Amino acid sequence: MLALLDELEWVDHFVTQNYDGDWSVLPLRGPAGATHPILMSYSDPGCKNFSNTPFLELLNYIPKVLEWFQCSLMSVRLMRLTPGSKIKTHVDHDLSAEMGMARIHVPITTNNKVIFTLNGQTVPLQEGECWYLRLSDPHSVDNDGSASRVHLVLDVEVNNWLNELLDSQ
């Protein structure tokens, strides 16, 4: 799968003031009817109808991962931060379980020189793990390593299943 990811056409993240370097997106699920990759990757909080993109059909394993989540999937995308790139400190408003929408990160590839900071604390995101991060709080990422960091990023609607999962941790 990783070799296939290199062949696909990633799009630059559209909020350019939030990063230096190369931060790109491959939209897997987005607003229904969106046809441009940037519009497919936009996590519009007002959108109620989402659908899979043609990119998801190219990836055999990712749909199986998505089936595990027993909550409504809104926006789903792969996000890549190349070596030497930095996501500046920012907040993603309305992205907290308390507000009804959660962002889940599943690191696919990373390295020990990727520093993810949330509220001034380093969060050690490791490949294959699944993380809920309250991104309505200040966060940033630095990739000082020699390999790209790729995360599967899901915006999901909070329901009883997710609340019970979060409470059990």
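Asks: Give me the lowdown on the overall build of the chain, citing residues and values where you can.
Replies: A tally of regular secondary structure across the chain gives five helices and twelve strands. For 169 residues, the compact-globule formula gives about 15 Å, and the C-alpha radius of gyration of the chain, at 15 Å, lands near that figure. In terms of overall dimensions, the chain has a C-alpha envelope of 40 × 35 × 30 Å along the principal axes. For the chain, the residues scored as buried account for 50% of the 169 residues in total. When contacts within the chain are restricted to residue pairs at least 6 apart in sequence, those whose partners lie at least 24 apart make up 72%. Working note: accessible area of the chain is about 8,800 Å², and carbon and sulfur atoms make up 49% of it.

Asks: Any chance you could break down the packing of aromatic side chains for me, citing the residues and the numbers?
Replies: For the structure on display, the rule yields four aromatic pairs. Pairing W68 with F69 gives two aromatic rings, centres 5.0 Å apart and planes at 85°, and the pair type is edge-to-face. Among the residues examined, F69 registers a relative accessible area of 9% and is labelled buried. Aromatic ring contacts, followed pair by pair, group W68, F69 and W161 into a single cluster. Residue placement shows R80 over the ring face of W10; its charged tip is 4.3 Å from the ring centre.

Asks: Describe the environment of S140, and please don't skip the residues or the numbers.
Replies: Position of S140 relative to the elements: it lies in strand β11 (residues 139-143). Measuring from C-alpha to C-alpha, the distance between S140 and T117 comes to 5.3 Å, with 23 residues separating the pair along the chain. Each residue touching S140, except ones within four places of it in the same chain, is listed here: I87, K88, T89, I115, F116 and T117.

Asks: Could you give an account of the side chain of H139, with specific residues and numbers?
Replies: Note on placement: H139 falls in strand β11. Once you skip the residues sitting within four places of it in the chain, H139 turns out to touch K88, T89, H90, V91, D92, F116, T117 and L118.

Asks: Quick one: what's the story with the sheet that holds strand β9 (residues 121-123), residue by residue and with numbers?
Replies: Reading across the sheet, the five strands line up as β2-β6-β11-β8-β9 and stay open at both edges, with antiparallel pairing between neighbours. In this open sheet, the two strands that pair with only one neighbour each are β2 (19-20) and β9. Both strand β8 (residues 114-118) and β11 contribute to a ladder of five bridges, which runs antiparallel. Looking at the pairing, T117 lines up with S140 of β11.

Asks: An account of the nonpolar core is requested, with residue identities and associated values reported.
Replies: Core analysis: the largest hydrophobic core is formed by 28 residues, its most contacted members being L28, L78, L152 and L154. Contributions of two or more residues to this core are made by β3 (23-31), α3 (54-57), α4 (61-67), β5 (73-81), β7 (101-109), β12 (149-157) and α5 (160-167). Residue contacts for L152: discarding those within four places in its chain leaves L28, I62, V65, L66, V76, R77, L78, I104, H105, V106 and I108. V11, M101, V123 and L133 belong to the second largest nonpolar core, which has 21 residues in total.

Asks: Give me the environment of A147: which residues, what numbers.
Replies: Structurally, A147 can be placed in the loop between β11 and β12. It is 31 Å that separates the C-alpha atoms of A147 and D94, two residues lying 53 residues apart in sequence. Non-local contacts of A147, meaning those with residues more than four positions away in its chain, are made with P83 and N111.

What counts as what
Residues numbered from 1 in each chain as written. Predicted model: local features only at pLDDT ≥ 70, side-chain atom pairs only at ≥ 80, totals over all residues. Heavy atoms only, no water. Helix = DSSP H or I, 4+ residues; strand = E, 2+ residues; numbered from the N terminus. Rg over C-alpha atoms; globule rule 2.2 N^0.38 Å. Buried < 20%, exposed > 50% of the residue type's maximum accessible area, 1.4 Å probe, protein only. Contact = heavy atoms within 4.5 Å. Areas by Shrake-Rupley, 256 points an atom, 1.4 Å probe, with all protein chains shown as cover. Phe/Tyr/Trp six-rings, centres within 6.5 Å; stacked < 30°, edge-to-face > 60°. Lys NZ or Arg CZ within 6 Å of the ring centre and 35° of its normal. Pairing = 2+ DSSP bridges. Core = buried A, V, L, I, M, F, W, Y, C linked by side-chain atoms within 4.5 Å.

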